[in-house]
Amino acid sequence: MTPAQKRFVEDMGQQMLGWGLARTTGRIYAYLLLRSEPASLDEIARELRIAKSGASVSTRHLMGFGLARSSGEPGTRRLRYAANHDLNTILVARAKQMQDFITRLHQGAAAATAAEPKRHLRRMSLVLEKAMDEITEVARRTEKGRPA
């Protein structure tokens, strides 16, 4: 990997921590995004210098989030992994997390007794709800083949 690719892999590892995923999972996702062909667990482990067992767990997490897919390697039982480039799948996964956050903000607004925190929490939830509506609309239009 080039220095720029290594930096991207490391930065994506840090980014995924914010999604509640392990750093290794983010690193593998970045690695798969950079590849033009699917990779085996052996290749992933070797390139990223991680244990094959860790690569296996992380690829399963990526598949569970809809960020990666697997395919069989002809003539073997071995699987190969590729990044999912379908943005709608990724948006749906992130939208669920954002909706959960908005629900928590509503909960906080209901629990707040002082006017200022209540106002801030309501404003935050309204802004995020509007943003979610926009993201949903963009995903819907893109799914139908229209420009975003």
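Residues numbered from 1 in each chain as written. Predicted model: local features only at pLDDT ≥ 70, side-chain atom pairs only at ≥ 80, totals over all residues. Heavy atoms only, no water.

Asker: Would you mind showing me how to read the sheet that holds strand S1 (residues 39–40) here?
Answerer: Consider a sheet: its strands pair through backbone hydrogen bonds, and that pairing is either parallel or antiparallel. As summarised here, the arrangement of the 3 strands in space is S1-S3-S2, forming an open sheet in which the pairing is antiparallel. Both edges of this open sheet fall to S1 and strand S2 (68–72), since each of them pairs with a single strand only. Here S2 runs beside strand S3 (residues 79–83); their pairing, made up of 5 bridges, is antiparallel. Its bridge partner lying in S3, serine 71 is registered against arginine 80. Running over the sheet, helix H4 (residues 52–64) touches S2 and S3 and is turned about 115° from S2. (Pairing = 2+ DSSP bridges. Helix = DSSP H or I, 4+ residues; strand = E, 2+ residues; numbered from the N terminus. Contact = heavy atoms within 4.5 Å. Axes fitted to C-alpha atoms, helices over the stretch in contact; angles between N-to-C directions.)

Asker: Sorry, what's going on with H4 here?
Answerer: Residues spaced three or four apart along an α-helix face the same direction, because each turn holds 3.6 residues. End to end, H4 covers 18 Å across 13 residues, agreeing with the expected 18 Å (1.5 Å per residue, within 8%). When H4 is considered as a whole, its buried residues turn out to be Ala55, Ser56, Ser58, Thr59 and Leu62. On its buried side, H4 packs onto helix H2 (23–34), helix H3 (41–48), S2 and S3. (Expected span 1.5 Å × (residues − 1). Buried < 20%, exposed > 50% of the residue type's maximum accessible area, 1.4 Å probe, protein only.)

Asker: What should I look at first to understand the nonpolar core in this one?
Answerer: Soluble globular proteins tend to pack their nonpolar side chains together in the buried interior. Counting residues in each nonpolar core, the largest one holds 23 residues, and the members touching the most others are Ile28, Tyr29, Leu32 and Ile44. Broken down by secondary-structure element, the contributors of at least two residues to this core are helix H1 (3–17), H2, H3, H4 and S3. Those residues in contact with leucine 32, other than ones at most four positions away along the chain, are Ala39, Ile44, Leu62, Ala68, Tyr81, Ala82 and Ala83. (Core = buried A, V, L, I, M, F, W, Y, C linked by side-chain atoms within 4.5 Å.)

Asker: Looking at this model, I keep getting lost on the packing of H2 against H4. Mind explaining?
Answerer: Angle between the axes and distance between the axes are the two parameters that describe a pair of packed helices. Contact geometry for H2 and H4: axes closest at 9 Å, N-to-C directions at 75°. The pairing of H2 with H4 is recorded here as roughly perpendicular in orientation. Residue-level inspection shows Thr24, Thr25, Ile28, Tyr29 and Leu32 of H2 in contact with H4, the latter providing Ala55, Ser58, Thr59, His61 and Leu62. When the residues that make up the contact of H2 with H4 are grouped by side-chain class, the tally is 5 nonpolar, 5 polar and no charged. (Parallel < 35°, antiparallel > 145°, perpendicular 65-115°, else oblique. Nonpolar A, V, L, I, M, F, W, Y, C, P; charged D, E, K, R; others polar.)

Asker: What is the right way to read the environment of alanine 39 from this model?
Answerer: Within the secondary structure layout, alanine 39 lies in strand S1. A C-alpha to C-alpha distance of 20 Å links alanine 39 and methionine 16, two positions 23 residues apart in sequence. Leaving out residues up to four positions away in the same chain, alanine 39 has contacts with Tyr31, Leu32, Ile44, Leu79, Arg80 and Tyr81.

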